[in-house]
Amino acid sequence: MWKIGNIYFIAAVAVIGGALFGFDISSMSAIISTQPYLCQFNQRGHDENGLCLGPTDDVQGGITAAMPGGSWLGALVSGIVSDAFGRKTSIQLGAIIWIIGSVVVCASVNIPMLAIGRVINGFSVGICSAQVPVYISEISPPSKRGRLIGFQQWAITWGILIMFFICYGSSFIPGTAAFRLPWGLQAVPAVLLFLGLVFLPESPRWLAKKDRWEQAVEVLTLIHGKGDPNSPWVIRELSEIREVVEFERANADVSYFELFTPGMINRTQVGVFTQIWSQLTGMNVMMYYITYVFTMAGLSEPGTNAVLLPSGIQFVINVVMTVPALLWMDRWGRRPTLLVGAFLMCFWLCINAGLFAVYGRAPYPGEFTSTAESMAVEGPPAKAIIAATYLFVASFAPTWGPVSWTYPPELFPLRLRGKAVALCTSANWAFNFALAYFVPAAFANITWRVYVIFATFCAAMFLHVFFMFPETANKPLEEIEEMFDDTKPGAIKYIGTPAWKTKNTRNLALRQERNETLSSEEKMGVSGEHKESAA
C-alpha cells in the first residue's frame with residue numbers, strides 16, 4: 001500500500017491522538033458549570049432561585065478523575081501492546097476505543113454511565129498519549145525530534161480550544177443536547193486518526209526489532225533518504241539501529257522490572273518525574289477547574305454561561321504560546337526550557353496565592369453553587385488574579401507542556417522504550433487522577449493554600465531538573481545511551497554523566513543530517529561529550 005513519507009504530515013496525523021486528551025479536558029471544564037449538565041446529574045437539589053446545584057464536590061471530582069484513572073491503566077497496557085503489535089497499530093487501537101467511549105459518554109443518562117464512558121475514553125487516551133511520542137521519536141531525525149514530538153502538546157492545546165468553543169456554542173442549546181452534542185462530536189477526530197494512520201509507515205526501529213529489515217530500510221529511505229537507499233544518512237542510521245538491536249538481542253528479555261535495575265533506575269526516575277512534575281505544576285488543574293477560579297474572581301453570573309468566554313481566552317493563550325517551543329525547542333535544549341518554565345510558574349502561583357490570601361473573603365450564602373468556589377475576590381485584585389492565571393498558562397505552554405512529552409522517549413534504549421514511556425505516562429495519569437479528585441475538595445477546605453502547594457512543587461522541580469536531568473536535544477537516540485554509562489571517566493555511579501555538564505550539540509547534528517563530513521574532533525564530541533565531565 002502507498003505510504004506517506006513527509007515527516008511533518010506523519011507527525012500531524014499521529015498527534016491527533018494527543019488532541020483526544022484536549023477534547024476530554026475542555027468537554028468537562030466547559031460543561032461542569034452549565035445548567036443542563038448540573039440538572040441532568042443533579043444530586044444536591046436546587047438553590048433559592050431554582051437553579052440546579054449538580055453533583056457533590058466529591059462526585060464531581062470522581063467524574064473528572066475517571067478519565068485519568070482509565071488513562072493510567074491504558075498507558076501501562078500500551079507498552080505491551082506496542083511492543084507486540086507495533087507503534088502504529090497500538091495508536092489505531094486507541095482510536096477505536098475512543099469512539100466506543102464517546103458513544104457511551106454521549107448517551108449517558110446517569111452518573112455511573114458517565115463515569116464508565118470517561119474511563120473508556122481515558123483508556124484510549126492512555127494508549128495514545130504513551131505511544132504517539134514513541135512512534136514520532138523513532139521516526140524523526142534528531143534535529144527535528146523535539147519539534148515533532150512537541151506537536152503532541154500543540155495538538156492537545158488545539159483539542160482543548162476547539163472543543164471548548166464547541167461547548168460554548170452548544171451551551172446556548174436548551175436541554176441535554178447542550179452537552180450531548182460536543183460529547184458526540186469528539187468521536188470524529190478518532191475516526192480521522194484511524195484512517196490517517198493507514199497511510200503512514202510503521203516505526204523503522206520497531207520493524208528492525210522484529211527482524212523486518214527490508215521494511216525498516218524502506219521506511220528509512222522513504223522518510224530520511226528522499227527515495228535513495230544509499231543516502232549516507234540512511235546508511236548511518238541503519239547501522240546504528242542494527243548495532244543496538246543486535247546488542248539488545250544478546251541481552252535479557254525485556255520486562256518492566258528491568259527499568260528498576262541499577263543501570264536503568266536513574267533514567268527511569270528522570271522520565272517518571274518529568275511526567276509527574278508536569279502534573280504538579282497545576283496546569284491541568286487550571287484546565288479542568290478554570291471556571292471555578294474565574295467564578296471566584298467575579299466573572300460569572302448565576303444561571304448563565306458568562307464565565308465560559310473569559311475561560312476560553314486561556315485556551316487561546318495555550319495554543320499560541322506552544323508555537324515558540326515548536327519552532328525553537330530543539331535550539332533551546334531540554335534543560336533550559338524546563339528550568340525557565342518551573343521558575344516562572346512558581347512566581348505566578350505565588351502571586352495568585354498572595355492575592356487570594358490578602359484580598360479574598362468567604363462567599364456570601366448562595367453566592368456560588370459549588371463549595372469548591374470557596375473564596376471571592378473583587379476589583380483590581382480579581383483582575384490581577386485573572387492576569388496571573390493567563391501568564392501562568394503562557395509560562396507552561398512553551399516549556400513543560402511540549403518538553404514533558406518530548407523528553408521521556410529520548411531517555412531509553414530501544415528494547416525498553418515502549419514499556420518505559422508507558423510507565424512514565426502512567427505516572428502522569430496517576431497524578432492527573434489524584435489531582436482531578438483532590439482539587440475541588442482542596443479549594444473547599446484549604447482555599448488559597450492550594451496555590452502555595454503547587455508553587456512549592458514548582459520550586460522542587462527546578463532543583464530536580466538542574467541536578468538530575470541531562471540534555472538530550474539533537475542527539476541520536478542510540479547516542480543518548482552513552483550519557484547514562486557510569487563506567488566512563490568522570491561519570492557518577494548509577495547516574496552517568498552529571499546532568500549539568502551535558503550540552504546541546506545542535507550544529508553538529510544538523511551537519512550530520514546534511515551528510516557533511518565531520519572532523520575527528522567533532523565526531524568525538526558528538527559521540528562522547530560525556531568525556532568532558534572527566535575534566
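The rules behind each value
- Residues numbered from 1 in each chain as written.
- Predicted model: local features only at pLDDT ≥ 70, side-chain atom pairs only at ≥ 80, totals over all residues.
- Heavy atoms only, no water.
- UniProt positions renumbered as here; feature names shortened; annotations may be inferred.
- Helix = DSSP H or I, 4+ residues; strand = E, 2+ residues; numbered from the N terminus.
- Rg over C-alpha atoms; globule rule 2.2 N^0.38 Å.
- Buried < 20%, exposed > 50% of the residue type's maximum accessible area, 1.4 Å probe, protein only.
- Contact = heavy atoms within 4.5 Å.
- Lys, Arg positive; Asp, Glu negative; His and termini not counted.
- Charge placed at Lys NZ, Arg CZ, Asp CG, Glu CD.
- Salt bridge = Lys/Arg side-chain N within 4 Å of Asp/Glu carboxyl O.
- Axes fitted to C-alpha atoms, helices over the stretch in contact; angles between N-to-C directions.
- Parallel < 35°, antiparallel > 145°, perpendicular 65-115°, else oblique.
- Nonpolar A, V, L, I, M, F, W, Y, C, P; charged D, E, K, R; others polar.
- Disulfide = S-S within 2.5 Å.
- Core = buried A, V, L, I, M, F, W, Y, C linked by side-chain atoms within 4.5 Å.

- The protein has the name High affinity glucose transporter in an unreviewed UniProt entry, where Podospora pseudocomata is given as its organism.
- Recorded in UniProt for the protein, the comment headed Sequence similarities (unreviewed entry) runs: "Belongs to the major facilitator superfamily. Sugar transporter (TC 2.A.1.1) family."
- Among the UniProt annotations of the protein, the heading Subcellular location (unreviewed entry) holds the following wording: "Membrane".

**As for the overall build of the protein**
Alright, step 1. Across its full length, the protein carries 23 helices and zero strands.
Alright, step 2. For the protein, whose C-alpha radius of gyration is 24 Å, the value lies close to the compact-globule estimate of 24 Å for 535 residues.
Alright, step 3. The principal-axis extent of the C-alpha atoms belonging to the protein is close to 80 × 50 × 35 Å.
Alright, step 4. Considering the protein as a whole, with its 535 residues, one finds that 60% of them fall into the buried category.
Alright, step 5. Relative to all contacts within the protein whose residues are 6 or more apart in sequence, the contacts with residues 24 or more apart total 80%.
Alright, step 6. If you average the places of the 37 positive and of the 38 negative side-chain charges in the protein, the two averages end up 3 Å apart.

**Let's talk about the pattern of salt bridges**
Alright, step 1. Summed over the entire model, instances satisfying the criterion amount to 14 salt bridges.
Alright, step 2. For E481, the salt bridge goes to R267, with nearest N and O atoms at 2.9 Å. Of the two residues, E481 sits in helix α21 (residues 477-483) while R267 sits in helix α13 (residues 265-280), which places them 214 residues apart along the sequence.
Alright, step 3. Where R334 meets E410, a salt bridge forms, and the shortest distance between an N and an O atom there is 2.7 Å. Here R334 is found in helix α16 (residues 334-359), whereas its partner E410 is found in helix α18 (residues 400-411), with 76 residues between them in sequence.
Alright, step 4. A residue is classified by how much of its surface remains accessible, and E410, at 0% relative accessible area, is buried.

**Things to note about the packing of helix α19 (residues 414-446) against helix α20 (residues 449-468)**
Alright, step 1. Packing of α19 against α20 brings their axes to within 8 Å, and their N-to-C directions diverge by 130°. What the angle tells us is that α19 and α20 run oblique. Each of L435, F438, A442, F443 and I446 in α19 lies in contact with α20, whose residues at this interface are R449, V450, Y451, I453 and F454.
Alright, step 2. When its residues are assigned to classes, the contact of α19 with α20 shows nine nonpolar, no polar and one charged.

**Notes on the state of the cysteines**
Linking two cysteines covalently via their sulfur atoms produces the bond known as a disulfide.
Alright, step 1. Going through the model one piece at a time under the given rule, you end up with one disulfide.
Alright, step 2. A disulfide bridge connects C39 with C52, and the sulfur atoms are separated by 2.0 Å. Because the sign of the S-S torsion sets the handedness, a value of about 95° for the bond joining C39 and C52 places this disulfide among the right-handed ones. Of the two residues, C39 is situated in helix α3 (residues 35-40) and C52 in the loop between α3 and α4 (57-85); the sequence distance between them amounts to 13 residues.
Alright, step 3. Its relative accessible area of 36% is what places C39 among the partly exposed residues.
Alright, step 4. Note on C52: relative accessible area 6%, which makes it buried.
Alright, step 5. Free cysteine C346: the closest other cysteine sulfur is in C350, separated by 4.3 Å.
Alright, step 6. On the basis of relative accessibility, which here comes to 17%, the residue C346 falls in the buried class.

**Side note on the environment of Y364**
Alright, step 1. With respect to the helices and strands, the residue Y364 is situated in the loop between α16 and α17 (380-396).
Alright, step 2. Relative accessible area serves as the criterion here: at 52%, Y364 is assigned to the exposed category.

**Things to note about the nonpolar core**
For soluble globular proteins, nonpolar side chains are generally found buried alongside one another.
Alright, step 1. Ranked by internal contacts, the top residues of the largest apolar core, which has 146 residues, are Y37, I136, W183, W400 and F443.
Alright, step 2. When residues of this core are assigned to their parent elements, the largest contribution, 12 residues, is made by α19.
Alright, step 3. Apart from the residues lying within four places of it in its own chain, the contact partners of I136 are A11, A14, V15, L148 and I149.

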